Structures are given as C-alpha cells and as structure tokens.
Amino acid sequence: MTGLREISAPEGRSTGQRRAGQELVIEHLAAGYGKVQVLWDVSVRVGPGEFVAMIGANGAGKTTTLRAVSGVVRASGGRIGLGGQDITRATPSQVVALGLGHVPEGRELFPLMTVRENLDLGAAMRAEARAAQQQTLEQVYTLFPRLKERAGQLAGTLSGGEQQMVAVGRALMGLPSVLVVDEPSLGLSPLMTQTVFEALKAVNAEGVSVLLVEQNVGLSLRLAHRAYVLENGQVVKEGTGEALLADPGVRAAYLAL
Ligand SMILES: Nc1ncnc2c1ncn2[C@@H]1O[C@H](COP(=O)(O)OP(=O)(O)OP(=O)(O)O)[C@@H](O)[C@H]1O
Ligand SMILES: [Mg+2]
C-alpha cells in the first residue's frame, strides 16, 4: 500500500495471510455517558484495507468513539456501518461476530491467566475463529515470536510491551476484517512502540482495515494513509498523514513544533 513509510523493528513479520478488509463508516456520531454528552459530531471512514489514524488531546472522545463502534457505548445519534451492515445498535458480541476486533485502551488482559489462555479468549466468540484457532495462533506467533516463548507465562507478569502484543494478538484471534486499536503506545518505550506499530502495519498489509487512535501523533501520521483530528467530540480536520504532518495547526497543537 502506498503512503506507509518503512519503519524497521525485529518483530511484526507478515504471516503471508490475505484477509478481506471491510469498510467502517461512522457518520455524525453522537454519544456520551448518562446525561453528559461527549461526542457531538464524529464522521470517520476507513475503507477496506485502509490504515486510518484518529488523533486528539486527552478527553477529546477517541476512546468513546471506539467504544461506540464496539457497542459498549450506545450512540445517541448518527450511524455506524461495518461492511455494509448497520451496527449502530448492535451488541458487542454481534459486532465481534461481524468482524470487528478491538484492542482496548489499557489492554484489559486477564493477568492471572496465561498468554495462551488470553489469546484463546479472542477466538471464543466466533465459530469461524474457533474453527481456525490453531492456524491463527501460529500466525499470531509469527507476528510476535515473543508470545510463543511466553505462551505459558501469566499475562500479568509480562512487560508492558509484551502485554500490548497479547492485546493485539487476542483481537487477531477473532479473525477481524476491521481492527480498532486504542493508544497501543501508552507506557511503552520507543523501541517497543515501533515493534507494535510494525505489527499493525503488517496486519494491515495482509488486508485488514485499521483504525488507530493515538497520542503518538508523529508516528501514527507517518504510518497512516489518512487521519482525522478530534477536538471536543468533533472531527475538526482530516487529510492524508503527510498533509496533516505539514499542517501548521496540527504541528503547533500536537507536535509542539
Ligand atoms: N465511563 C465514563 N463515564 C463518564 N464520563 C466518561 C467515561 N469515560 C469517559 N468519560 C468522559 O468522556 C470524555 C472523553 O473521554 P475519552 O476517554 O473518550 O477521551 P480520549 O480522547 O480517549 O482521551 P485520552 O487521550 O485521555 O484517552 C472525557 O471528558 C471523560 O471524562
Ligand atoms: Mg482514550
């Protein structure tokens, strides 16, 4: 795919697998928590096989947007479509069954379960994922060789970067056609961040559509085909990663340049 700059890292090897990416469309999304409205007007499109980033300051509503896509937060307005199906009112399990993989903020692993058990949970909710479980596991181990070495280790005893690999691997075990990833670089060293980003790039190169939410603005804009800027629950800018990297407003607000 064009627009993806090369970054090198020891892990994140392509598994050679082709997957059919689907389109994710968010149109004029409004949502909140109880009486507090957080999202006012969020429109984002991720085309099949596209790598899209969403950037924004703390509290802008990035996580809430991904939670609405996953059916964890109810939309109070607007529409969300996945692969042509309306998922605005779908439950989390229905959304997973339709091919969405969510790598949540903070990873949300089960610390007292092993790496392997955490990964297996990612396949549990879809019949086709269970049928392909062993094969997919091998692909996840190809992407993250470290996880094969640590398969029997309790997830809570892994380093932060390794835990992030498990969180990405768990989502991949569900055979997603669209992967949404919430701040994977949080708390990771620059090298480990690169490793995880390299893996996301490899997954995208296999065909999976990716929506990446990040505060590591420089790296995500270099990686993404296109990006959106979210401020106070509204999309205020969109463009190619390259164009936004050159945008004076983006540079001043998010890159301190
Ligand atoms: N469960 C909740 N209940 C009430 N308010 C919430 C809840 N989760 C988030 N909020 C509020 O919604 C707003 C948007 O939060 P959100 O987590 O979507 O932001 P974000 O862009 O992901 O921020 P960050 O970069 O810090 O992760 C914030 O003002 C936050 O306090
Ligand atoms: Mg967040």
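Refer to the structure printed above.
The rules behind these values
- Residues numbered from 1 in each chain as written.
- Chains lettered and ligands numbered in written order.
- Predicted model: local features only at pLDDT ≥ 70, side-chain atom pairs only at ≥ 80, totals over all residues.
- Helix = DSSP H or I, 4+ residues; strand = E, 2+ residues; numbered from the N terminus.
- Buried ≥ 20, exposed ≤ 12 C-beta atoms within 10 Å, placed from the backbone.
- Contact = placed C-beta atoms within 7 Å.
- Pairing = 2+ DSSP bridges.

Caption draft 1: Layout of the overall build of the chain. Counting its regular elements, the chain contains 11 helices and 10 strands. Looking at the 257 residues of the chain, the share that counts as buried comes to 48%. Considering only contacts in the chain between residues 6 or more positions apart, those separated by 24 or more positions represent 71%.

Caption draft 2: Fine view of unusual backbone geometry. Residue H28 is not a glycine yet carries a positive backbone phi of 50°. Mapped onto the elements of the fold, H28 is located in strand 1 (residues 24–33). Assessed through the 14 C-beta atoms surrounding it within 10 Å, H28 is described here as partly exposed. A positive phi angle is found at R107, which is not glycine, with a value near 75°. With respect to the element layout, R107 can be found in the loop between strand 6 (100–103) and helix 3 (115–121).

Caption draft 3: Region of the structure containing the pairing of strand 6. Alternating residues of strand 6 divide into L100 and H102 and G101 and V103, and every residue in both groups is buried. Relative to strand 7 (residues 178–182), strand 6 is paired through 4 bridges, and the arrangement is parallel. Counterpart to L100 in the pairing with strand 7 is V178.

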